[in-house]
Amino acid sequence: MAWASPVIALALTLIFGMLLFAVLGVDPLRAVYIIFVEPLTTGFGRAEMVVKGTPLVLIAIGLSLGFRAGVWNIGAEGQLILGALAGTAAGLAVYPAEGLWVLPMMCLAGMAAGAAWAMIPAVLRIRFGANEILVSLMLVYVADLWLSVLVSGPLRDPDGFNFPETRLFTSSMILPPLFDGTRAHMGALAALAAVVIAWAVLRRHVFGFSLDLFGQAPRAAAFAGFSEARTVALTLGIGGALAGLAGVFEASLSAQLKPSLPVGYGFTAIIVAFLGRLHPVGILAGGALMALTYIGGEGAQLVLRLPAASISVFQGMLLFFLLGADVLTRYRLKPAGARTAPPDPAGVDPLSPATIGAAAGVVAAMQAGEGAAAPGGADGGGAGGV
Amino acid sequence: MDFSVLNPVAIAAALMVAATPLVFAALGELVVEKAGVLNLGVEGMMIIGAIAGFAAANEGGSLTFGVLAAMAAGAALASIFALFTQGLMSNQVATGLALTLFGLGLSAMLGQPYAGQKVPSFPRLDLPGLTDLPVIGRLIFGHDPLIYLSLALAVAIGWFLTRTRAGLTLRAVGENHDAAHAIGCGVARVRTLAILFGGACAGLGGAYLSLVAAPLWAEGMTAGRGWIALAIVVFASWKPGRVLIGAYLFGGVTIAQLNLQALGIAIESQYLSMTPYLATILVLVLISARGARSGAPGSLGKPFFASA
Amino acid sequence: MTDVLLRVDGVTKRFPGVVANRNVSFEVRAGEIHALLGENGAGKSTLVKMIYGLQSPDEGALHLRGAPFAPASPGEARSAGVGLVFQHFSLFEALTVAENVALGLPKDQAGRGLPQRIREVSKSYGLPLQPGRIVGDLSVGERQRVEIVRCLLQSPRLLIMDEPTSVLTPQEVDTLFATLRRLRDEGVAILYISHKLEEIRALCSAATILRGGEVVASCDPRQETAKALAEMMIGRGLAAPSGPAETSGDVRLALEDLSLPSASPFGTSLKNITLDLRAGEILGIAGVAGNGQDELMAALSGEARTAPGMIRLDGAPIGALGPMRRRRLGLNAAPEERLGHAAAPEMSLTGNAVLTARGTVGLAQGGWIGFARARRFAEGIVKTFDVRTAGVQHAARSLSGGNLQKYVIGRELRQNPKVFCVSQPTWGDDAGAALAIREALRALAEQGAAVLCISQDLDELMEISTRLAVIAGGRLSPPRPTGEITIEQIGLMMGGGHVAA
């Protein structure tokens, strides 16, 4: 029943979104149609869903590993920018050489740079206990400014009349299309591969096991013999590498690097990760839905003259309702004393312990009424050090 | 290099203007965190305050009305957070992030008609004679009333937390919610009130940006100040007086960066613009390395389930 | 006798799936110390919470001085003259003594004169306190004084003490009893909750015994033997414990000048601990909570690392190894806190088997977990150690305390450790589970393993250990054979007396 709360959350978001549109004087039904339905009716819309879903799924998979373990990487947007920068720099460094090796080299450079950028919050947390939420987030602003410096300086197109943008990429630097005539590209396969690998690792591998353990009970994880420093470094590193890869894809897609490259995928991926219950398959579905709102949002911008940022109203609402629906559905689905068996073999709750793990405690508390015999304060989450 | 473009008194005044939104937002968050709640939605509440204040002042023509509207809007957004984290026990980190996303989007949507609009400007505290005193006069007097309010608020919160019974209860709830519950404090009620207060303060900080500092409305104009406010609370070790120091330091970095640009220092402006963010990281590292969490409320960020 | 102060009349309280109190009736008189006796889970705490306004009865009623009494909050209970000293202190470590006391008082009493009143009252009852000190810096005994003084400042007519001695040294217990007797003489009624029989016989003049949520007996404990009280409490005859075997095997685990700075500001650093743990023995470590037990356990399990030579297992230096490598070498541990430390609450029993046994009994190959094998391993534990659960797919949190402890200890023992370190092996368990766990520890020692048992329960240590040492202030006394040492001597050492010796 893990899908129940996303569905409820989506329905509530639609209802409240329509109310909001009505207040703003926009026909609610038309707005919902334009945002959520129209993109699905055209081939272009469906291809664009793949285009926008690819970075969202890639990044969300990486973030979900950390979120499971209570490592809050909020700076994927910055890691994406660094990936785009490094990938572009690597590709342009060999300009105008061509060959099949160029694109993989760019991808490796981008992943390395994204991971390195994510290592900053990782090292600062491990070494000094600095809160990774704030550090990774501050680094987004830094990365954004750095992108602006580099494309107006070292990476600027020498023949480009001083515009802050790089050369146009050679054909070797551009991802081959998945289907001819569309923008959907081979990067989607990388996203799918990430989903499959993450699924296997979370289901069966000791690393996946250790992530859930850290998220649920950090002391038990230490007792089990897992290193917190290693977990922090690995989850942030993997998250950064996947975000960096998404950055290379984005640069490759627009065939040049411009300051306008980052459009917020790194932040939206956080919602995708939660919407997908931090489960790889769920993330795939969540990524598709969020991609839809992006395309629909563009439509709404054109047709309804709504600002681009209004789409994040929907995204924020969706996340709210998801968090609320989680508690409510669990309350209904799991009466005390009749705990159902967790679905996967590890018996690991598929949901983020940090988000929801504590919910079991709430459930008990709600049932026993005020001041009940709930199991003691599950240390459900929170980045204590902020 | 032409140093004549630098006027120390004007720089000091600009510094205060840059710091004041941070003072409001960080003081509000300090109270919230003292009650044991981590609200990462400061950025969202600030920007909602910015647009609500601007819109209200623009439509109603009254700055007071604008400020009140901003506080109400910030508190309204905070009430969503309170409902989810205190009522539904959702995770505070995730809910705070949702609040920020929601606030940024909603403000962009609501603010669309207000781009390029104007609001009346704030009266300055102008005391004939005193304001005209050289240097001192301009440093102490001649600011807008909200700056004085922000300073008074820091004093008031310090007094409230250490000298009143309600403040003691709030600290108790933040320190150990199980013990507070056991002796009969209403944990959820205290926390909800703190969250609402924090929202009003963040809204006020946002309004200061759009009504005084800018004064105009631009999408995403808070530009990460809500997050910096969170860092300032850590920097301040949860002490109101140190919030002032922290906010003025950050304001100073911002102003220094602008003035260096004015001096025409041969460095890309972007590198200078990075300094507040890098300074935040540096401060976080220094604070965290110094004494880990000395001063952090014991129950910060942990959900409370009535279990007694 | 004097008049009835509190009358509990047919009180029933239900929680989902369990009846905590069923038709409980008894009376407490002014000027009497009345024991409420029962095992963990007998329903004592629920009853107390109802009297103190934290919960309300489903059926039945409370009467205070003849009038119906239904406090809706602790504040109401306090203003009606009921004071409660909690088992786990409801204190705020970062606040001062005066602030802590003020929080528990009505507004009009928490004014400026409070520090002075704290000084006076605490002194007059022999419980001296400095109002300006931060509670986090106080000893456990001092913290209890804060709680008691907080109650006394409101001149309670009924004082409830919930397991007050579980954290005190024997000498501190004497001081506490003197205070309680004096309060009784002043006409205060004291409801004294405990499962320690000797204490109750020494202190109380009436007792109500709870079992499974019901009143099973009332008596004058001074007229009963401890054995008779225990049988009333447990409901069946007690098997006499088999005495510990005397052995002098090879040294399996050696601690050599082990020092370890504490990781947390309120923790205790370990200082120069030297100890030989021999095959076939159970070595008990007594001590008041917070004297370095957690730190010692972390150093033994591998969660905290030391210089390699500070800890040796069969001669090999292991101080720098992590928990998994130590387990592979034959050193297993079971920390005090079961949920959240020894076991992950939300994970299934199978997942919790993987937690420590993944590397020792082949539950994971090349990093990939074999869940079928893990399930069989978990089922084996459940069967061998009689863990009551509906199946190994259920979350660890769904088990009762005693069953979870049997599972945790069983999980480690099934890995055939050469050395097993356990903290508070039976804390809070029902008598049956406690007996089973002690038997398992003895059996392990008889097979030639060495067992190190940290506990605050002196009776337990006297029963199962062959040698006994005391930890105080992060230092460990030299161990002595259990037969040659008295409770009084241990009590003195708990206060740090052995350090000079």
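Note that residues are indexed from 1 along each chain, following the sequence as it is written. For this description, chains carry letters from A and ligands carry numbers from 1, given in the order in which they are written. Residues qualify for local features only when their pLDDT is at least 70, as the model is predicted, and side-chain atom pairs are given and counted only at 80 or more; totals for whole chains, interfaces and linings, by contrast, use all residues.

A. Spatial organisation of the overall build of chain C. In DSSP terms, a helix is any run of H or I states spanning at least four residues, a strand is any run of E spanning at least two, and both are numbered starting from the N terminus. Broken down by element type, chain C carries 17 helices and 23 strands. Computation of the radius of gyration draws on C-alpha atoms, with the globule rule given as 2.2 Å multiplied by the number of residues to the power 0.38. Since a compact globule built from 501 residues should have a radius of gyration of about 23 Å, the 24 Å found for chain C is in line with a globular shape. Along the longest, intermediate and shortest principal axes, the C-alpha atoms of chain C span 70 × 50 × 40 Å. Within the span of chain C, comprising 501 residues, buried residues form 51% of the whole. Exposed residues have 12 or fewer other C-beta atoms within 10 Å of their own C-beta, buried residues have 20 or more, and residues in between are partly exposed; the C-beta atoms are placed from the backbone.

B. Quick look at the sheet that holds strand 11 (residues 251–260) of chain C. All names here are of chain C. Note on pairing: two strands pair once DSSP finds at least 2 bridges between them. As summarised here, the arrangement of the 4 strands in space is 12-11-14-15, forming an open sheet in which the pairing is antiparallel. Only two strands of the sheet have a single neighbouring strand rather than two, namely strand 12 (270–278) and strand 15 (316–317). The sheet contact formed by strand 14 (residues 311–313) and strand 15 spans 2 bridges and is antiparallel. Directly across from Leu-313, in strand 15, lies its bridge partner Ala-316.

C. Up close: the nonpolar core. Working definition: the nonpolar core is a set of buried Ala, Val, Leu, Ile, Met, Phe, Trp, Tyr and Cys residues, joined through C-beta atoms within 7 Å. Core analysis: the biggest nonpolar cluster contains 393 residues, and Ile-59 of chain A, Ala-26, Leu-27, Ile-232 and Val-243 of chain B together with Ile-160 and Cys-453 of chain C have the highest contact counts within it. Setting aside chain neighbours within four positions, we find Ala-26 of chain B in contact with Ala-229, Ile-232, Val-233, Val-243, Gly-246 and Ala-247 of chain B. Here the contact rule is simple: place C-beta atoms from the backbone, and any two residues whose C-beta atoms are within 7 Å are in contact.

D. Summary view of the interface of chain C and chain B. In this complex, chain C contributes 18 residues to the contact, which on the side of chain B involves 13 residues. Broken down by element, the side of chain C that touches chain B gets its largest block of residues, 3 residues, from helix 3 (residues 97–103) of chain C. The classification used treats Ala, Val, Leu, Ile, Met, Phe, Trp, Tyr, Cys and Pro as nonpolar, Asp, Glu, Lys and Arg as charged, and all other residues, Gly among them, as polar. Here the side of chain C that touches chain B is built from residues that sort into 10 nonpolar, 4 polar and 4 charged.

E. Here's a closer look at the environment of Ala-172 of chain B. Residues and elements named next belong to chain B. For Ala-172, the location among the structural elements is in helix 7 (residues 165–175). The buried category is assigned to Ala-172, around which 30 C-beta atoms lie within 10 Å. Between the C-alpha atom of Ala-172 and that of Gly-298, which follows or precedes it by 126 residues, the distance is 9.3 Å.

F. View of the sheet that holds strand 10 (residues 214–219) of chain C. All names here are of chain C. With mixed pairing, 6 strands are arranged side by side in an open sheet as 6-7-8-3-9-10. Two strands lie at the open edges of the sheet, namely strand 6 (82–85) and strand 10, each paired on one side alone. Taken pair by pair, the neighbouring strands of this sheet meet at an average axis angle of 20°, ignoring direction. For strand 7 (residues 158–162) and strand 8 (residues 189–194), the ladder comprises 5 bridges, and the chain directions are parallel. In this description, a line fitted to the C-alpha atoms serves as the axis of each element, helices being fitted only across the stretch in contact, and the angle between N-to-C directions of two axes falls anywhere from 0 to 180 degrees.

G. View of unusual backbone geometry. All names here are of chain A. The residue after Tyr-95, namely Pro-96, is reached through a cis peptide bond having omega 5°. Mapped onto the secondary structure, Pro-96 falls in the loop between helix 4 (76–93) and helix 5 (102–128). The phi dihedral of Asn-162 is positive, around 65°, even though this residue is not glycine. Mapped onto the elements, Asn-162 comes out in the loop between helix 6 (132–152) and helix 7 (187–204).

H. Inspection of helix 7 of chain B at higher detail. Those residues of helix 7 of chain B that fall on the buried side of the exposure criterion are Leu-168, Leu-170, Arg-171, Ala-172, Val-173, Gly-174 and Glu-175 of chain B. Elements in contact with the buried residues of helix 7 of chain B: helix 1 (8–34), helix 6 (145–163), helix 8 (177–182) and helix 9 (187–213) of chain B together with helix 3 of chain C.

I. Molecular detail of the pairing of strand 9 (residues 206–211) of chain C. Residues and elements named next belong to chain C. A large share of strand 9 lies buried, amounting to 5 of its 6 residues. The sheet contact formed by strand 3 (residues 33–37) and strand 9 spans 4 bridges and is parallel. Bridge pairing links Ala-35 to Ala-207 in strand 9. The pairing of strand 9 with strand 10 spans 5 bridges and is antiparallel. If you follow Ala-207 over to strand 10, its bridge partner there is Cys-219. What sits between strand 9 and strand 10 in their antiparallel hairpin is a turn of 2 residues, with Gly-212 showing a positive phi close to 55°.

J. Local environment of the packing of helix 1 of chain B against helix 10 (residues 225–235) of chain B. Residue and element names in this part refer to chain B. One way to put it is that helix 1 packs onto helix 10 with a least axis distance of 8 Å and a crossing angle of 55°. Classified by the angle between their axes, helix 1 and helix 10 sit oblique to one another. Crossing of helix 1 against helix 10: the hand is right-handed. When helix 1 is examined against helix 10, the residues Pro-21, Leu-22, Ala-25, Ala-26, Glu-29, Leu-30 and Glu-33 are found in contact with a partner set consisting of Arg-225, Gly-226, Ile-228, Ala-229, Leu-230, Ile-232 and Val-233. Residues belonging to the contact of helix 1 with helix 10 are distributed by class as follows: 10 nonpolar, 1 polar and 3 charged. Each angle receives one of four descriptions, namely roughly parallel if under 35 degrees, roughly antiparallel if over 145, roughly perpendicular if within 65 to 115, and oblique otherwise. The hand of a helix crossing depends on one turn: near helix anticlockwise from the far one by less than a right angle means left-handed, and clockwise means right-handed.

K. Spotlight on the confidence of the model for chain C. Residue and element names in this part refer to chain C. When the pLDDT values of chain C are averaged, the result is 86; 93% of them are 70 or greater. Known as pLDDT, the predictor's per-residue confidence is scaled from 0 to 100. Per-residue pLDDT stays below 50 along residues 238–242; that stretch engages in 3 contacts with residues further than four places along the chain or on separate chains. In this model residues 497–501 is a low-confidence stretch, pLDDT under 50, and it forms 5 contacts with partners more than four residues away in sequence or in other chains. Reported confidence for the predicted complex is 0.79 by ipTM and 0.80 by pTM.

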